[in-house]
Amino acid sequence: MKAKYENWIYLLASNGILLYGIVMLGWPIFPLVYLWWWEGLLSTAVNIFISKRLGIKEARWGQLFPYFVYWVFVIVFLGILASNSDQIIDNLGVVMFKDKLFNLCLLLLILHLGFRIIKGNLPGAEVFLLQIRLHVGIVLGGLAMFVSKHFEVDNVVPVALTVLAVKVFLDIWSMLGSTTEAE
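Remember, it's a predicted structure, so these values are computed and weren't measured experimentally.

Conventions and cut-offs
Residues numbered from 1 in each chain as written. Predicted model: local features only at pLDDT ≥ 70, side-chain atom pairs only at ≥ 80, totals over all residues. Heavy atoms only, no water. Helix = DSSP H or I, 4+ residues; strand = E, 2+ residues; numbered from the N terminus. Contact = heavy atoms within 4.5 Å. pLDDT = per-residue confidence, 0-100. Core = buried A, V, L, I, M, F, W, Y, C linked by side-chain atoms within 4.5 Å. Buried < 20%, exposed > 50% of the residue type's maximum accessible area, 1.4 Å probe, protein only. Polar contact = N/O pair within 3.5 Å; in protein donor to acceptor, adjacent residues only side chain to side chain. 1 Å grid on protein atoms, 1.4 Å probe; cavity = no way out; pocket = protein on both sides within 12 Å on 5 of 7 lines; lining within 4 Å. Points joined across faces, edges and corners; volume = space filled by probe spheres on them. Phe/Tyr/Trp six-rings, centres within 6.5 Å; stacked < 30°, edge-to-face > 60°.

Visitor: Looking at this structure, I do not really get the overall build of the chain. What am I missing?
Guide: Regarding its fold elements, the chain presents 7 helices and 0 strands. Secondary structure elements of the chain occur, N-terminal to C-terminal, as α-α-α-α-α-α-α. Residue pairs at least 24 apart in sequence account for 81% of intrachain contacts in the chain once pairs closer than 6 positions are excluded.

Now the structure itself:
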């Protein structure tokens, strides 16, 4: 029932970096949801690849298609339509890997996933939880962006912190749920 220590280290490190980005750099919601998208995409791709190597016929590369639909939605809706002109430039910088702090979060995600593969702790059943988290992130991010624009909230930090708090809650829920299933 205990989550592996490396999961907790990843959780603290990645969300600590996101917290720094929000509080110190004034990050909007887009980098948070975009990181969720990357986590879901990479975990699903690794799960499909390993399942195919093990001969599991249910694993299909077509399972990645929804992530490309999500990508368009996240980029267009959260990255462009729900952002002001300054944020659009910053968001495109994140998409084009120009934001070093976001790149560090993405690198931590890749290292965490690689470490889990090496240890044999594969993302199997938790891929479904990642998809749920991505949906929650997109809906919550879109709602938060709409509310902040509708009520003309210039400071997006409280809104982004709320989304980060929900992300941390879902991270812990997912981690504890996948650890319980593995035992």
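Visitor: Can you walk me through the confidence of the model for the chain in this structure?
Guide: Interpreting fine coordinate detail is not advised for predicted regions of low pLDDT. Averaged over every residue, the pLDDT of the chain is 80; residues scoring 70 or more account for 87%. The weakest mean pLDDT in the chain belongs to helix α6 (residues 126–150) at 72; the strongest belongs to helix α4 (residues 85–95) at 89.

Visitor: Explain the nonpolar core here, please?
Guide: Within soluble globular proteins, side chains that are nonpolar tend to cluster in buried spots. I29, F30, Y34, W37, W38 and F102 are the most contacted members of the largest nonpolar core, which totals 40 residues. Mapped by element, the contributors of at least two residues to this core are α1 (5–23), α2 (30–53), α3 (65–81), α4, α5 (100–118), α6 and α7 (157–182). Broken down by element, the residue count for this core peaks at 10 residues, all from α2. If near-sequence neighbours (up to four positions away) are discounted, W37 is found in contact with Y67, Y70, W71 and L134.

Visitor: How do you make sense of α4 when you look at a structure like this?
Guide: In an α-helix, one turn spans 3.6 residues, which is why side chains three or four residues apart end up on the same side. Considered for burial, the residues of α4 that qualify are Q87, N91, G93, V94 and V95. Two residues or fewer past α4, F97 is found with a positive phi of approximately 60°.

Visitor: Help me understand unusual backbone geometry, please; the structure alone is not making it clear to me.
Guide: The phi torsion of most residues other than glycine is negative, and most of the peptide bonds are trans. The phi angle at F97 is positive, at roughly 60°, despite the residue not being glycine. By secondary structure assignment, the location of F97 is in the loop between α4 and α5. A relative accessible area of 41% means that F97 is categorised as partly exposed.

Visitor: What should I look at first to understand the side chain of K167 in this one?
Guide: Positionally, K167 belongs in helix α7. A distance of 3.1 Å separates the side chain of K167 from the side chain of N15, its partner in a polar contact. In contact with K167, not counting residues within four places along its chain, are N15, L18 and W36.

Visitor: Explanation requested: the layout of surface pockets in the structure shown.
Guide: Where empty space is left becomes clear once a probe the size of a water molecule has been rolled over the atoms. Each pocket or cavity is described by its volume, and for the second largest pocket that value is around 160 Å³. As for the second largest pocket, its lining consists of 10 residues, of which N47, I48, E58, A59 and Q63 are closest to the centre. For the lining of the second largest pocket, the secondary structure elements donating two or more residues are α2 and α6. Here the element with the most residues in the lining of the second largest pocket is α2; it accounts for 4 residues.

Visitor: Teacher, can you tell me more about the packing of aromatic side chains here?
Guide: The geometry of an aromatic ring pair is captured by the separation of the ring centres together with the interplanar angle, meaning the angle of the planes. Taken as a whole and judged by the stated rule, the model has 8 aromatic pairs. Centroid distance Y34 to W38: 6.3 Å. Interplanar angle 80°. Geometry classified as edge-to-face. On the criterion of helical spacing, the pair formed by Y34 and W38 is a turn pair, its members being 4 residues apart in helix α2. For the pair formed by Y34 and W38, the shared burial category is buried. The exposure class assigned to Y34 is buried, which follows from its relative accessible area of 2%. One aromatic cluster in this structure is built from F30, Y34, W37, W38, F97 and F102.

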